[in-house]
Amino acid sequence: MTAPVFLADSALLREGTVVLEGPEGRHAVSVRRLHPGEEVVLTDGSGTGAYGTVVAAEGKDHLKIAVTAVRTEPEPTPRITVVQALPKGDRGELAVETMTETGVDAIVPWDAARGITRWKGERGLKSLTKWRSTAREAAKQARRLRVPEVHDLASTKQVAALLKDASFAAILHEEGSEPLATTPLPDSGDLILVVGPEGGISPEELDLFTTAGAGAFRLGPSVLRTSTAGTAAVALLLARSGRWS
């Protein structure tokens, strides 16, 4: 079984004896109940990992670790970003969780015209915080050293500007003329996927995005929910780009 991963301040990512405390230390000691001799990994969430062994668990939230190696993994290429329209209910967190576990690099919440959910005021800030927290926890579950960046809520115009600078941009659309599974992909740069809301992408949004350089692609014969389409598409691109090889 692979070693559990905990988020830690960069000051702890060094060889020698370090102490993990606070919420992460409490989770390691009181929830995971780690014991001396067990292996753990500490990460800053930006690609650096400190590998070590538990020396002692003290109190409720102090885990003493002997770090024997520190490694930084290279930036992933090509980089995959999903522009995710806001789903209703808790399906947003589900989308973030599964995309993170699959391997997405960044997520952009999108305020689509036909979306049912709206992020406004305090509710919007709370929802964004939940998405970011979900990404952190899912990254730890997946033993990732990089936590996907969850951007601030984007408007349709902001999404179009993002697509314009992409190496490859795809709108997931059931009426797409070309399958995502066979279209040529660049070997590097930014690959951006747009996932629409339950009500679909409006004609105006589709025109704006295609003008920005994005193409409309279909995933397969079935129509997926907005909360699962991104995960399926990310898995497809990871396999096709060689990042899963």
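Looking at an unreviewed UniProt entry, the protein chain carries the name Ribosomal RNA small subunit methyltransferase E, with the source organism given as Streptomyces iconiensis.

*Asks:* Explain the pairing of strand β11 (residues 190-195) here, please?
*Replies:* Where a strand is regular, its side chains alternate between the two sheet faces. Counting buried positions along β11 gives 5 out of 6 residues, so the element sits mostly inside the fold. As defined by bridge partners, strand β6 (residues 79-85) adjoins β11 across 6 bridges and the pair is classed as parallel. Opposite Arg79, over in β11, you have Asp190 as the bridge partner. Strand direction decides the pairing type here: strand β9 (residues 168-172) and β11, joined by 4 bridges, are parallel. The residue bridging Ala170 from the neighbouring strand is Leu193, located in β11.

*Asks:* Is there a simple way to explain the packing of aromatic side chains in this structure?
*Replies:* What the rule picks out here adds up to 3 aromatic pairs. Between Phe168 and Phe217, the ring centres sit 5.6 Å apart and the planes meet at 45 degrees, which makes this aromatic pair tilted. Here Phe217 lies in strand β12 (residues 215-218) and Phe168 lies in strand β9, a separation of 49 residues in the sequence. Using a relative accessible area of 10% as the deciding quantity, one classes Phe168 as buried. Classification of Phe217 as buried rests on a relative accessible area of 7%. Directly above the aromatic system of Tyr51 lies the positively charged group of Arg71, at a separation of 4.0 Å from the ring centroid.

*Asks:* Looking at this model, I keep getting lost on the sheet that holds strand β2 (residues 16-20). Mind explaining?
*Replies:* The strands making up a sheet are joined through hydrogen bonds of the backbone, oriented either antiparallel or parallel. Across the sheet, which stays open at both edges, the 5 strands sit in the order β1-β3-β4-β5-β2 with mixed pairing between neighbours. One side of each edge strand has no neighbouring strand; the edge strands of this open sheet are β1 (5-7) and β2. For this sheet the average axis-to-axis angle between neighbouring strands, irrespective of direction, equals 40 degrees. Across 5 bridges, the pairing between strand β3 (residues 39-43) and strand β4 (residues 48-58) is antiparallel. Bridge pairing links Val41 to Tyr51 in β4.

*Asks:* Quick question: what am I supposed to make of the sheet that holds β6 here?
*Replies:* Pairing within the open sheet is parallel, and its 7 strands lie in the order β8-β7-β6-β11-β9-β12-β10. The outermost strands of the open sheet, each flanked by one partner alone, are β8 (149-150) and β10 (178-179). Where helix α5 (residues 203-211) meets the sheet, it contacts β7 (106-110), β9 and β11, and its direction lies at approximately 165 degrees from that of β9. Against the sheet, helix α6 (residues 226-241) touches β6, β9 and β11, its axis set at about 155 degrees to β11.

Calculation criteria
- Positions within a chain are numbered from 1, following the residues in the order the chain's sequence is written.
- Where totals are concerned, whole chains, interfaces and linings use all residues; where local detail is concerned, this predicted model gives features only for residues with pLDDT of at least 70, and gives and counts side-chain atom pairs only at 80 or more.
- Side-chain measures here rest on the full set of heavy atoms in the structure, leaving out hydrogens and waters.
- A 1.4 Å probe rolled over the protein chains alone gives each residue an accessible area, and that area as a share of the maximum for its type sets the label: buried under 20%, exposed over 50%, partly exposed in between.
- In this text, helices come from DSSP runs of H or I with a minimum length of four residues, and strands from runs of E with a minimum of two, each type numbered from the N-terminal end.
- The pairing criterion for strands is at least two bridges between them, as found by DSSP.
- Pairs were defined over the aromatic rings of Phe, Tyr and Trp, the Trp ring being its six-membered one, requiring ring centres within 6.5 Å. Orientation was assigned from the angle between planes: stacked under 30 degrees, edge-to-face over 60, tilted for the rest.
- Sitting over a ring, as applied to charges here, requires NZ of Lys or CZ of Arg to be within 6 Å of the ring centre and within 35 degrees of the ring normal.
- With axes taken as lines fitted to C-alpha atoms, and helix axes fitted only over the stretch in contact, angles between N-to-C directions fall between 0 and 180 degrees.
- Throughout, a residue-residue contact means that at least one pair of heavy atoms, one from each residue, lies within 4.5 Å.

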